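The residues making up each chain are set out below.
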Amino acid sequence: QAAAKEDWNALARLGQCYQEGWGGVSKNESEAEKRYQQGVEHGNVLSMFFQGLLIYKKPGRRSEAEGLISKAASAGLPSAEKWCSENSVTFSEVRSDE
């Protein structure tokens, strides 16, 4: 339903439920990644961040994960900015014209 309504943040949170086994759903990283990927394809920064965290420690996917999280940080997602700072991953800081 979240995808049908194009509510990508809700879809990212659903993915998080699958990833962690919350809210009565069985833990399933494959289902989580599928939900995150839908959001990533629509430019959703929360999906980028969660997908990056999910795949960061998987063999051969660290670079992809860093790219996703860096992109989310560059878009101004505070959690992604913090993660990048803690993990020495560069990102373009959002600048205000004010």
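Just so we're clear, the structure is a prediction, and the values are computed from it rather than from any experiment. Within each chain, residue numbers correspond to sequence positions counted from 1 in written order. Local features are withheld for residues below a pLDDT of 70 in this predicted model, meaning they are given only at 70 or higher, and side-chain atom pairs are given and counted only at 80 or more; totals for whole chains, interfaces and linings count all residues. Hydrogens and water molecules were not included; the side-chain quantities draw on all heavy atoms of the structure.

Student: Give me the lowdown on the nonpolar core, citing residues and values where you can.
Tutor: Nonpolar cores are built from buried Ala, Val, Leu, Ile, Met, Phe, Trp, Tyr and Cys residues. Side-chain atoms within 4.5 Å join them into one set. Throughout, exposure labels follow a simple rule: accessible area from a 1.4 Å probe, protein chains only, divided by the maximum for the residue type, with under 20% read as buried, over 50% as exposed, and the rest as partly exposed. F49, A80 and W83 are the most contacted members of the largest nonpolar core, which has 22 residues in total. Helix numbers and strand numbers start at the N terminus; a helix is a DSSP run of H or I with at least 4 residues, a strand a run of E with at least 2. Looking at this core, the elements that each hand over two or more residues are α1 (8–20), α2 (29–41), α3 (45–55), α4 (62–74) and α5 (78–86). The leading source of residues in this core is α3, at 6 residues. Aside from chain neighbours lying at most four places away, what touches F49 is I69, A72, L77, S79, A80 and W83. Contacts are assigned to residue pairs with any non-hydrogen atoms lying within 4.5 Å of each other.

Student: Please give an account of the pattern of salt bridges that cites residues and values.
Tutor: When the charged atoms of two side chains lie near each other, side chains of opposite charge can form a pair. A side-chain nitrogen of Lys or Arg and a carboxyl oxygen of Asp or Glu constitute a salt bridge if their distance falls within 4 Å. Considering all chains together, one arrives at 7 salt bridges under this definition. Across the salt bridge formed by R61 and E64, the nearest N and O atoms sit 3.0 Å from each other. Residue classification places R61 among the partly exposed positions, given a relative accessible area of 21%. Each of the salt bridges in this network shares a partner with another, and the network as a whole consists of E31, K34 and R35.

Student: Give a description of the packing of α1 against α3 that names residues and reports values.
Tutor: Interhelical geometry of α1 versus α3 gives an angle of 20 degrees and a closest axis separation of 9 Å. With respect to each other, α1 and α3 are oriented roughly parallel. Judged by the sense of rotation from one axis to the other, the crossing of α1 with α3 is left-handed. Along the contact surface, α1 presents W8, N9, A12, R13, Q16 and Q19, while α3 presents L46, S47, F50 and L54. Along the lines of polarity and charge, the residues of the contact of α1 with α3 split into 5 nonpolar, 4 polar and 1 charged. Inter-axis angles, ranging from 0 to 180 degrees, are taken between N-to-C directions of lines fitted to C-alpha atoms, where helices are fitted over the stretch in contact. Angles below 35 degrees are treated as roughly parallel, those above 145 as roughly antiparallel, those between 65 and 115 as roughly perpendicular, and all remaining angles as oblique. Here is the rule for handedness: rotate from the far helix to the near one, and if that takes an anticlockwise turn smaller than a right angle the crossing is left-handed, while a clockwise turn gives right-handed. Each residue is assigned to one of three groups, with Ala, Val, Leu, Ile, Met, Phe, Trp, Tyr, Cys and Pro labelled nonpolar, Asp, Glu, Lys and Arg labelled charged, and all others, Gly among them, labelled polar.

Student: Describe α1, naming the residues involved and giving the relevant values.
Tutor: Compared with an ideal rise of 1.5 Å per residue, which puts 13 residues at 18 Å, α1 spans 18 Å between its outermost C-alpha atoms and is within 8% of the ideal. Residues W8, L11, A12, G15, Q16, Y18 and Q19 constitute the buried set of α1. Buried residues of α1, viewed axially, fall in a sector of 160 degrees; they line one side. The secondary structure elements touched by the buried residues of α1 are α2 and α3. A positive phi of about 75 degrees marks G21, the residue just after α1. Each helix should span, by expectation, one fewer than its residue count multiplied by 1.5 Å. Think of the arc as the fan of directions from the helix axis to the C-beta atoms.

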